[in-house]
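Coordinate inspection notes
As a plain string of letters, each chain reads:
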Amino acid sequence: MGYFNYLYYYDWTYIAFMIPCILITLFCQVKVNSAYSKYSKIPNSRNMTGEQAARQVLYNNGVTGVTIERVSGKMTDHFDPRTNVIRLSDGVYDSATVAAVGIACHEAGHAVQHAQGYFPNKLRSAILPLARLGSTLSWILIAVGLLIPNFGNFVLDLGIIFFAMSMLFTLVTLPVEFNASSRALKCIKETNMLSAEEYPGARSVLQAAAMTYVAAALTSILQFLRLLLIVNNRRD
């Protein structure tokens, strides 16, 4: 149980590395929920729905062949590059609020990235299968490596490599998300989708959402450093 205590319980590395991550993640979730709740209740002056806003971004960037669909749930909005479909949640698709415009334009920004071959987006798509494999296998390999007296170091190294794959994905996600928001806000301002008074609300929603990705990247980095310490202690 000693090695598992390192991984899951109350050694100093957990307090030093993981507790701050949990608090930051919770704070970011509160911020994004608060911003969405506030600005999803404020109608925009042009009465523009999320679906219409997404189409405006596509049109302004000369992107065609993208379908816009409704998807159930709250804040389930996303762009699927495999099918070239923007899916907007119930509270965004036909909602004419400040938040709906911001979120829809952000997802359309991802579609523009895909159409224009934005490199960080292509890189993220390329490493996605490895990231999924890494997130599934890394903890299993590390746990097994900590328990095996012989050849355990080799298994641990594999676990660290697999975890690094998933960490890389979270890091590459940052420029992709920030760029999609930048494209969205630029189009909103250039086309006057929102008034000067409404624009800061959309920006607040997108900034709050972006911070959740920053928190995820920070958590991944600190988990990686913690794993390195655990593995180093095991070898000593």
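Here, the structure is the one placed above.
Below you will find a few notes about this structure. (Residues numbered from 1 in each chain as written. Predicted model: local features only at pLDDT ≥ 70, side-chain atom pairs only at ≥ 80, totals over all residues. Heavy atoms only, no water.)

**Some points on the packing of aromatic side chains**
Summed over all chains, the structure comprises 2 aromatic pairs. Plain terms: the ring middles of W139 and F163 are 5.7 Å apart, the flat faces sit at 80° to each other, and that makes the pair edge-to-face. Placement of the pair is W139 in helix α6 (residues 119-147) and F163 in helix α7 (residues 152-191), with a sequence separation of 24 residues. Given a relative accessible area of 4%, F163 falls into the buried group. Between F163 and F224, the aromatic rings sit 6.3 Å apart at their centres with planes inclined by 10°, giving stacked as the arrangement. Here F224 lies in helix α8 (residues 199-235) and F163 lies in helix α7, a separation of 61 residues in the sequence. An aromatic cluster is present here, built from W139, F163 and F224 joined pairwise through their rings. Geometry around Y118 places R183 over its ring, the cationic atom sitting 5.4 Å from the centre. (Phe/Tyr/Trp six-rings, centres within 6.5 Å; stacked < 30°, edge-to-face > 60°. Helix = DSSP H or I, 4+ residues; strand = E, 2+ residues; numbered from the N terminus. Buried < 20%, exposed > 50% of the residue type's maximum accessible area, 1.4 Å probe, protein only. Lys NZ or Arg CZ within 6 Å of the ring centre and 35° of its normal.)

**With respect to the pairing of strand β3 (residues 85-89)**
The buried count for β3 comes to 5 of 5 residues, which makes it a mostly enclosed element. The alternating pattern of β3 places V85, R87 and S89 on one face and I86 and L88 on the opposite face, and all of these are buried. Judged from the 5 bridges that link them, strand β1 (residues 67-71) and β3 form a sheet pairing that is parallel. Each bridged residue has a counterpart across the sheet, and for E69 the counterpart in β3 is R87. With 3 bridges joining them, strand β2 (residues 78-80) and β3 adopt antiparallel strand pairing. Its bridge partner lying in β3, H78 is registered against R87. Connecting the antiparallel pair β2 and β3 is a turn made up of 4 residues, with N84 showing a positive phi of about 60°. (Pairing = 2+ DSSP bridges.)

**Considerations on the layout of surface pockets**
Roughly 950 Å³ of volume is contained in the largest pocket. Considering the residues around the largest pocket, the lining is formed by 31 residues, among which H78, H110, R124, E177 and Y213 are closest to the centre. Secondary structure elements with two or more residues in the lining of the largest pocket: α2 (12-39), β2, α5 (98-116), α6, α7 and α8. With 7 residues, the top contributor of residues to the lining of the largest pocket is α8. In terms of residue class, the lining of the largest pocket is built from 13 nonpolar, 11 polar and 7 charged. (1 Å grid on protein atoms, 1.4 Å probe; cavity = no way out; pocket = protein on both sides within 12 Å on 5 of 7 lines; lining within 4 Å. Points joined across faces, edges and corners; volume = space filled by probe spheres on them. Nonpolar A, V, L, I, M, F, W, Y, C, P; charged D, E, K, R; others polar.)

**Remarks on a nonpolar patch on the surface**
Among the surface-exposed residues, I15, I19, I22, L23 and L26 lie close enough to one another that they form a single nonpolar patch of about 460 Å² accessible area. Here I15 is to be found in helix α2. (Patch = residues over 30% accessible without salt bridge, like charges linked within 9 Å, V, L, I, M, F, W, Y side chains within 5 Å. Areas by Shrake-Rupley, 256 points an atom, 1.4 Å probe, with all protein chains shown as cover. Salt bridge = Lys/Arg side-chain N within 4 Å of Asp/Glu carboxyl O.)

**Structural notes on α6**
Side chains that are three or four residues apart share a direction in an α-helix, a result of its 3.6 residues per turn. Here α6 is 29 residues long and its end C-alpha atoms lie 41 Å apart, about the 42 Å a rise of 1.5 Å per residue gives. Its axis deflected by about 45° at L128, α6 carries its strongest bend there, up to four residues before the proline P129. Listed as buried for α6 are P120, N121, R124, I127, A131, G134, S138, L141, I142, A143, G145 and L146. (Expected span 1.5 Å × (residues − 1). Bend = angle between axes of the 7 residues up to and from the residue.)

**Considerations on the sheet that holds β1**
Judged by pairing direction, the sheet is mixed, and its 3 strands sit side by side in the order β1-β3-β2 without closing on themselves. Looking along the sheet, the strands with just one partner apiece sit at the ends: β1 and β2. The average undirected angle you get between the axes of adjacent strands in this sheet is 30°. (Axes fitted to C-alpha atoms, helices over the stretch in contact; angles between N-to-C directions.)

**What about the environment of V30?**
In this fold, V30 is placed in helix α2. Residue classification places V30 among the exposed residues on the basis of a relative accessible area of 54%.

**Points about the side chain of N44**
Looking at the secondary structure, you find N44 in the loop between α2 and α3 (50-60). Polar contacts involving the side chain of N44 include one to the main-chain amide nitrogen of N47, which spans 2.8 Å. Among the polar contacts made by the side chain of N44, one reaches the main-chain amide nitrogen of M48 at a distance of 2.8 Å. Sequence-distant contacts of N44, that is, excluding residues within four places in its chain, are made with A96, T97, V98, V101, L194 and E198. (Polar contact = N/O pair within 3.5 Å; in protein donor to acceptor, adjacent residues only side chain to side chain. Contact = heavy atoms within 4.5 Å.)

**Details of the environment of M211**
Position of M211 relative to the elements: it lies in helix α8. The sequence separation of M211 and L174 amounts to 37 residues, and the corresponding C-alpha distance is 9.4 Å.

**What about the nonpolar core?**
Judged by nonpolar contacts, the single largest core of 37 residues is most densely connected at L58, I86, C105, I188 and M193. Every residue in contact with L58, bar those within four places of it in the chain, is listed here: V63, V66, I68, I86, A108, A111 and V112. One finds I160, M167, L227 and I230 within the second-largest nonpolar core, a separate group that totals 10 residues. (Core = buried A, V, L, I, M, F, W, Y, C linked by side-chain atoms within 4.5 Å.)

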